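A closer look at the structure
In case you want the letters, here they are:
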Amino acid sequence: MQIIKDREIVEDNWLHLDDEAELVAGKITVSLNRWQEQHETLSKHEGDLGLRLTGEDPLEEIVPDLASFSLIVLIFPAFTDGRCYSFARLLRDRYHYTGEIRAQGDVLRDQLFYMSQSGINSFELANPEQMENALTAFNDFSESYQTTALKPEPLYRRR
Amino acid sequence: MYQYDNYDQTMVEQRVAQYRDQTRRFLAGELTEEQFRPLRLMNGLYVQIHAPMLRIAVPYGLMSSKQVRKIAEVSRKYDKGYVHFTTRTNFQLNWPTLESVPDILAELATVQMHGIQSSGNCIRNTTSDQLAGVSADEIEDPRPWCEIIRQWSTFHPEFAYLPRKFKIAVIGTKEDRAATQLHDIGLHLVKNHEGKTGFEVLVGGGLGRTPILGQVIRPFLEKKDLLSYLEAILRVYNRLGRRDNKYKARIKITVREHGLSHIRELVEAEWVHIREQLLLDDKEIARVKQYFTEPAYEASAADDVSFVQMQAEDANFARWVKQNVVDHKVAGYKIAYISLKAPLVPPGDVTSDQLDVVADLADEFSMGEIRSSHNQNLLLSDVKQGDLYALWLRLQAEGLATANINTMADMICCPGLDFCGLANATSIPLAKEINERFDDLDYLYDLGDIKIKISGCMNGCAHQSVGHIGILGVDKKGEEWYQFTLGGSSEADASLGERLGRAIPKDQVVDTVVTLLDAYKELRHEDELFLATVRRVGIDPFKERVYADN
């Protein structure tokens, strides 16, 4: 499938495994539940490993494991559920996670700017047919007043 | 007042372009109603019963004459020639079309105005004291801090989809004219024991279905730490606030469910991490403060004798001065309230023509600035006392000299069932009826300071639970009934009103107000104000009289 990653449309071959699905080789993501239950098996996984988180999950608990993942998927059950914006900020700023952070779920064009400013850099759009158009969202604003994941200094230091 | 630089201007213009495209995509069917709703709300656009309603932000209630003229022009061109000022010092257009909103916002952007975050589950317009910078008892002018908060909260990427709306108010005096204890965050500029100025931080106040007064989360916060502390509170709330039930989503409920001390622990722990990164530079504080320096007041203004003389000569002028004019920190200057509570006019409404006159008067008499207040009135904050008579004559000619500030006729009232999709009951017609019944100004002056607040539903937009007399519209099997509360206050001595008893049918509401006032007149000690009497005797004597008859 196609996704937006680093402001480009790219082919993506990550496999998001259900908790019941059998483990396969290659690039897979698992839920926090599965990671905690099958920690040892998954640590020996051949291929890249990714973790899926929802706003309900205790983010702080997985911080020691972050190095195991080359992808963190943040799930937006509804586009109005803003908890994962804080997750993205914390992953980037506090826990210095440098891998891919992806938004999945009810991910729409009009939230991409804020999501990217919060530190999310790849997007599985809920309406993939709007992907081409959605690329313009990253340029909605040329500046931000705040300290963001993309701009570590607030605007007032550039004035 | 604050002036946009290129950064600020570019951002509001990009916002207009963004919203224009969102409106286009909505009309083209590319965005569903559900997807479009938060986007339009965060630009101030509600969809109501009769028509859309557009709320424009007036940051901390401060406007230039140029902006007021633009408001007049826009309301003439896109609306029915009037606007409505709200309790959060914003104003609303009641009849714009959805299609025209991008054009309205583009016009407003030319005078540094916008509807950004005036609605939606995000950080709303920051409000303040309408007397900021001109009252004698001020510890420090809160407006530069409001502007710093405005910039930090505008398009904050992390906090655009909060559990619920989030309101911040800042004051610099002991007296609270901004109802800060009813805000999600209330900030009080205070001096600590070392004489250093900082903020007392309150959290978890709010009205609506569950009115709660804010509590002190931090007694003293250094000014340079303001943004990091706010960000810490918001981050804790964004993660912890309930998203399963919109009536339990405000931070007041988060605080109640988790307890203030737990919330404080979480906030302080978060704050430690971000404190350094978000430290406010002295340079930035100074940059913003330079826009709020004192104007060049003339010492000779105090020499005027006409002010006293004209009061002696003209009783109507004297009455207006007594009721609508308050002291300024500089001798010879006064602050003049323009009441938007003329009899038979919906509270807070003002016509486009009146706005043009107000703009002219501000240029002529008050340094070109106009303020809007929490009580839905306007004011001119820097009038020479020698100019007041001329100002009053001009206001009178426009129907803007109603001398009823802080009387019972200075009611706060939500739009109610006539305009609002949420309301259960009408409110403006009730305010009108009360005004009609009490049209004798001398009677009103005798009653003194009585704050009546009327809301058409539980959302409590008119803050009825902190009215001295609160009136709340409820729906009973399709009929409009009204629940009374007594003894509320939104000021420094804030309290929530107590329920008088069972709801009262619509046709008995005005009679009930009469009964309550008659009771007060019997019960009061000499000059005792209504609120003091209620607090002294409790609500039982009022209850007995109201429910005795039925």
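This is a predicted model, so every value here is computed, not measured. Per chain, residues are indexed from 1 in the order of the written sequence. A letter from A marks each chain and a number from 1 marks each ligand, given out in the order of writing. In keeping with the predicted nature of the model, local features appear solely for residues at pLDDT of at least 70, side-chain atom pairs appear and are counted solely at 80 or more, and the whole-chain, interface and lining totals rest on all residues.

**Some thoughts on the overall build of chain B**
Put simply, DSSP H or I for four residues or longer makes a helix, DSSP E for two residues or longer makes a strand, and each gets a number counted from the N terminus. Helix and strand content of chain B: 18 helices and 21 strands. Each radius of gyration reported is based on C-alpha atoms, and the globular scaling rule is 2.2 Å times the count of residues to the power 0.38. Its C-alpha atoms give chain B a radius of gyration of 23 Å, near enough to 24 Å, the size a compact globule of 550 residues would have. With the C-alpha coordinates of chain B rotated into their principal frame, the extents come out at 60 × 60 × 55 Å. Residues are scored as being in contact if the C-beta atoms we place from backbone atoms lie within 7 Å. For chain B, the proportion of contacts with a sequence separation of at least 24, taken over those separated by at least 6, is 67%.

**Description of the overall build of chain A**
Counting its secondary structure elements, chain A contains five helices and eight strands. Traced from its N-terminal end to its C-terminal end, chain A shows the element sequence β-β-β-β-α-α-β-β-α-β-α-β-α. Taking 15 Å as the expected radius of gyration for a compact globule of 159 residues, we find that chain A reaches 16 Å, a close match to that expectation. A principal-axis box enclosing the C-alpha atoms of chain A has dimensions of 50 × 35 × 25 Å.

**Some points on the sheet that holds strand 7 (residues 100–105) of chain A**
Residue and element names in this part refer to chain A. Two strands are counted as paired when DSSP detects at least two bridges linking them. Strand order in the open sheet formed by eight strands is 2-1-8-7-6-5-4-3, and the pairing between neighbours is mixed. The open sheet is flanked by strand 2 (8–11) and strand 3 (15–16), the only strands paired with a single partner. Lines fitted to C-alpha atoms define the axes here, with helix axes fitted over just the stretch in contact, and angles between the N-to-C directions of these axes take values from 0 to 180 degrees. On top of the sheet, helix 3 (residues 83–94) reaches strand 5 (49–54), strand 6 (71–76) and strand 7; it is set at about 160° to strand 6, its chief contact.

**Comments concerning the nonpolar core**
Connectivity within a nonpolar core runs through C-beta atoms within 7 Å, and the core itself is a set of buried Ala, Val, Leu, Ile, Met, Phe, Trp, Tyr and Cys residues. Burial in this document is a count-based property: other C-beta atoms within 10 Å of a residue's C-beta are tallied, and the residue is buried at 20 or more, exposed at 12 or fewer, or partly exposed in between, with C-beta positions derived from the backbone. Counting 190 residues, the largest nonpolar core has Leu74 of chain A together with Ile233, Ala336, Ile338 and Val358 of chain B as its most contacted members. The greatest single-element share of this core, amounting to nine residues, is contributed by helix 6 (residues 226–240) of chain B. Those residues within four positions of valine 358 of chain B in sequence are excluded, and the remaining contacts are Val68, Ile338, Ile370 and Leu378 of chain B.

**Some thoughts on unusual backbone geometry**
Residues and elements named next belong to chain B. Of note in the backbone geometry, phenylalanine 155 takes a positive phi value of approximately 55° without being a glycine. Within the secondary structure, phenylalanine 155 is located in the loop between helix 5 (143–153) and strand 7 (168–171). Phenylalanine 155 sits in the buried class, given 26 other C-beta atoms within 10 Å.

**A word on the packing of helix 7 (residues 251–258) of chain B against helix 8 (residues 260–274) of chain B**
Residues and elements named next belong to chain B. Viewed as axis vectors pointing N to C, helix 7 and helix 8 meet at an angle of 110°, and their least axial separation amounts to 6 Å. Comparing the axis directions of helix 7 and helix 8 gives the class roughly perpendicular. Touching Thr254, Val255 and His258 of helix 7 are Leu260, His262 and Ile263, all from helix 8. Residues were grouped as follows: Ala, Val, Leu, Ile, Met, Phe, Trp, Tyr, Cys and Pro as nonpolar; Asp, Glu, Lys and Arg as charged; and all remaining residues, including Gly, as polar. Split by residue class, the contact of helix 7 with helix 8 holds three nonpolar, three polar and no charged. Every angle not falling under 35 degrees, over 145, or within 65 to 115 is termed oblique; those three ranges are roughly parallel, roughly antiparallel and roughly perpendicular.

**Focus: the interface of chain A and chain B**
Between chain A and chain B, the residue contacts involve 26 residues of the former and 29 residues of the latter. If one sorts the elements of the side of chain A that touches chain B by residue count, helix 3 of chain A sits on top with five residues. Tallied by class, residues from the side of chain A that touches chain B come to seven nonpolar, ten polar and nine charged.

**Comments concerning the environment of arginine 15 of chain B**
All names here are of chain B. As for its placement among the helices and strands, arginine 15 is situated in helix 1 (residues 6–27). For the pair arginine 15 and alanine 494, spaced 479 residues apart in the sequence, the C-alpha separation amounts to 38 Å. Once residues lying within four places of it in the same chain are set aside, the contact partners of arginine 15 are His114 and Ile116.

**Quick word on the pairing of strand 5 of chain A**
All names here are of chain A. Sheet topology note: the strand 4 (residues 28–31)/strand 5 ladder contains four bridges and is parallel. Residue pairing for strand 5: threonine 29 is matched across the bridge by glycine 50. Judged from the five bridges that link them, strand 5 and strand 6 form a sheet pairing that is parallel. Bridge pairing in strand 6 places arginine 52 opposite valine 73.

**Some remarks on the domain arrangement of chain B**
Residue and element names in this part refer to chain B. Once the domains are mapped, chain B shows domain 1 (6–109), domain 2 (134–289), domain 3 (313–397) and domain 4 (412–548). One C-alpha centre belongs to domain 2, the other to domain 3; they are set 32 Å apart. At the junction of the two partners, domain 2 supplies six residues and domain 3 supplies seven residues. Residues that form the side of domain 2 that touches domain 3 fall into these classes: four nonpolar, one polar and one charged. For each domain, the first and last residues come from an automatic or database assignment.

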